[in-house]
Structure formats: C-alpha cells, structure tokens
Amino acid sequence: MSLFAKPPVHNESEAVLAVKDVSVRYNGVVALEDVSFELDPGERVAVVGPNGAGKSTLFKVVAGLLHVTHGTVTVRGHAPGGHVCIAYVPQRNQVDWTFPVNVTDVVMMGRIRQIGFLRWPSQHDRRIVRQSLELVNMAHLADRQIGELSGGQQQRVFIARALAQEAELMLMDEPFTGLDLTSQQDILEIMNVLQQRGVTVLVSTHDLSLAAGAFDRLMLLNRRLIGFGKAAEVLTPERLAETYGGRLQLLPTSQGAFVFDNACCGDHHDHG
C-alpha cells in the first residue's frame with residue numbers, strides 16, 4: 001500500500017484535537033490557563049504569541065509529553081499519551097544534532113511503534129521511509145549524517161519522520177525559525193501536501209504575517225487563549241495589544257489596517 005493512500009475514515013463530526021479547559025502550572029507558576037479549542041481534519045493552524053506564552057507547553061501537552069494540571073486533551077476521542085497518530089517536531093535547539101545517525105535512521109524512528117521494539121524493519125517499512133524522503137526531496141541525502149544538514153534540510157527530515165509515522169496530527173514547534181525564505185516556502189509546500197492528505201497541522205511561529213497569510217486559522221496565545229479564528233477576525237489591535245502588551249506597536253493606516261512590529265520579542269526559547 002502506498003504512503004499516499006487516503007487517510008483513515010473517521011466520523012467527520014469528531015474533532016481531530018479537542019482541548020478543554022486546560023491549565024498547566026510549574027512550581028506554582030501558570031504556563032497555560034483555561035485553554036479550550038478544537039481542530040478539524042486537514043486544518044492548518046498557526047499559534048502565535050510572545051516568548052513564554054506557553055506555546056511549547058501546549059504542544060508538549062498535546063503530544064503527551066506533559067501532564068495537565070486541569071482539563072482534558074483528546075485526539076480522535078482518546079488521550080494523547082503514546083497515540084501513534086500524533087507526530088511532534090520539536091524546536092531545533094532541543095535536538096542533539098551530533099547524535100551519530102543518518103537521515104534514513106531518523107525517518108525510520110517514525111516507524112518504531114508500527115515495527116515494535118527489538119524487531120527489524122520490513123520491506124514495507126523501508127518503502128514507507130523512502131517515499132517519505134522522496135516527498136520532502138531528501139532521498140538523495142538518505143545516507144548523510146543528520147548534523148551535516150542545513151537547518152531547512154533538518155526540518156524536512158523531521159517532517160519525513162512524521163510522514164513515515166503516518167500521523168494524522170502534526171505538531172511543529174517553531175519550524176521556520178532561522179530558515180531563509182526559500183526553505184520556509186519549501187516547508188509550506190510540504191504542508192500543502194499534508195493538507196491534501198487530510199493531515200491536521202498545528203504550527204507555532206513568531207511571524208505574524210506568515211501566520212496570517214499561510215494558515216486556515218490563527219490562535220493568539222499568552223497563557224490564555226486570546227483569539228482563535230480567521231486572521232481578519234483575530235488580528236485586531238485590541239487582541240494584539242492584549243497578547244503582546246507593550247512589546248507590540250500598532251500603526252493605523254488609511255485603509256484601517258495596521259503594521260505590527262514585535263521584533264523586540266527576540267527569538268529565545270519559549271519555556272513553560
């Protein structure tokens with residue numbers, strides 16, 4: 001069976017991801033507070049907010065890597081921990097790029113749950129890995145050590161790993177950070193293919209203009225969910241000011257639009 005067959009058939013009324021009243025606290029510090037939303041099959045959603053807003057925390061909760069203090073997270077109606085249909089692409093600075101594995105090894109890691117521990121990959125598994133690498137245009141570097149790749153190539157390899165996992169929900173934490181415009185566009189084109197296959201993609205980014213122009217819906221997050229919907233509905237001066245506070249400057253134009261500048265927020269790790 002081809003990797004690019006239609007995704008499994010599910011009840012169309014069932015959300016791929018449902019987050020209800022989720023709060024997370026670390027040592028008494030609030031990282032997320034009463035966050036609720038649902039994602040539909042094949043949606044491409046951007047999560048934006050300042051550093052420390054809880055974006056990475058949200059992704060780790062959905063991936064089953066962190067426990068919630070209050071509330072529930074369900075993926076296709078089930079708890080996320082160990083759910084094979086979730087693929088998590090972490091921030092690049094959280095990956096040990098010196099680990100001695102090549103591109104094929106990294107992508108094959110996405111097949112571990114299907115293969116089982118202490119078992120060798122089958123021809124079917126190897127075919128899935130090859131097709132995944134071909135989709136992201138990385139098959140020619142299959143034997144290259146992962147640390148030798150550029151940032152954009154590394155992101156494509158991690159997307160290939162998610163494809164090999166045959167995930168229905170892909171979480172990508174800051175995938176565009178540090179990439180040039182060409183590499184960013186390459187990843188967006190791969191996301192188009194994922195969307196055509198019915199894969200739901202949740203992406204965190206600091207780039208408001210990219211989030212507004214390239215995603216179906218946009219989420220403004222600063223510990224609380226401040227806005228969620230189409231960019232034109234969500235990116236209002238009031239909601240942006242509530243999200244970014246004094247770190248954002250809004251300039252009205254003759255068309256009633258505005259220019260935002262959050263460069264002062266920097267590009268530090270979003271903890272919590």
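One can find the structure itself at the top, above this paragraph.
Residues numbered from 1 in each chain as written. Predicted model: local features only at pLDDT ≥ 70, side-chain atom pairs only at ≥ 80, totals over all residues. Heavy atoms only, no water.

1. Quick word on the sheet that holds strand 3 (residues 44-48)
Condition: The rule for pairing is simple: two strands pair if DSSP sees at least two bridges between them. Numbering of helices and strands starts at the N terminus; helices are DSSP runs of H or I of at least 4 residues and strands are runs of E of at least 2. All axes here are fitted lines through C-alpha atoms, helices being fitted over the stretch that makes contact, and every angle between N-to-C directions spans 0 to 180 degrees. Residue contacts are defined here by distance: any two heavy atoms, one from each residue, within 4.5 Å place the two residues in contact.
Taken together, the 6 strands give an open sheet; going across it, the order is 5-6-7-3-8-9, and neighbouring strands pair in mixed fashion. Each edge of the open sheet carries a strand with a single partner, namely strand 5 (86-89) and strand 9 (224-229). Here the strands of the sheet are splayed against their neighbours by 15° on average, with no regard to which way each runs. Pairing geometry for strand 5 and strand 6 (residues 169-173), over 4 bridges, is parallel. Along strand 6, the bridge assignment pairs A87 with M170. Across the sheet, helix 5 (residues 151-164) touches strand 5 and strand 6, and the angle it forms with strand 5 is around 170°. Together, strand 3, strand 6 and strand 7 (200-204) form the strand contacts of helix 6 (residues 181-196), whose direction differs from that of strand 3 by roughly 135°.

2. Describing the nonpolar core
Grouped burial of nonpolar side chains is what soluble globular proteins tend to show. Condition: In plain words, nonpolar cores are sets of buried Ala, Val, Leu, Ile, Met, Phe, Trp, Tyr and Cys residues tied together by side-chain atoms within 4.5 Å. The cut-offs for exposure are 20% and 50% of the maximum accessible area for each residue type, with area from a 1.4 Å probe on protein chains only; residues under the lower value are buried, those over the upper are exposed, and the others partly exposed.
Residues M170, M172 and M191 are the most contacted members of the largest nonpolar core, which totals 51 residues. Broken down by element, the residue count for this core peaks at 7 residues, all from helix 5. Setting aside its immediate chain neighbours within four residues, M191 contacts R44, M172, F176, V201, V203 and F215. In terms of nonpolar packing, the next biggest core, distinct from the first, is built from 27 residues, L17, V19, A31 and L169 among them.

3. Side note on the packing of aromatic side chains
How we decide: Two rings from Phe, Tyr or Trp (for Trp, the six-membered ring) form a pair when their centres are within 6.5 Å of each other. A pair whose planes differ by under 30 degrees is stacked, one over 60 is edge-to-face, and the rest are tilted. Cation placement over rings: the criterion is NZ of Lys or CZ of Arg within 6 Å of the ring centroid and within 35° of the ring normal.
Tallied over the full model, the rule gives 1 aromatic pair. Each ring, one from F37 and one from F228, has its centre 5.9 Å from the other, and the planes form 70°; the classification is edge-to-face. Note that F37 is positioned in strand 2 (residues 29-39) and F228 in strand 9, a separation of 191 residues in sequence. Over the ring of F215 we find R44; its NZ or CZ atom is 5.6 Å from the centre of that ring.

4. Some words on the sheet that holds strand 1 (residues 17-26)
Here we have 3 strands laid out as an open sheet, ordered 2-1-4, and antiparallel in their pairing. In this open sheet, the two edge strands, each paired with only one partner strand, are strand 2 and strand 4 (70-75). Shown here is a sheet whose adjacent strand axes are inclined to one another by a mean of 20°, direction ignored. By the bridge criterion, 7 bridges tie strand 1 to strand 2 in an arrangement that is antiparallel.

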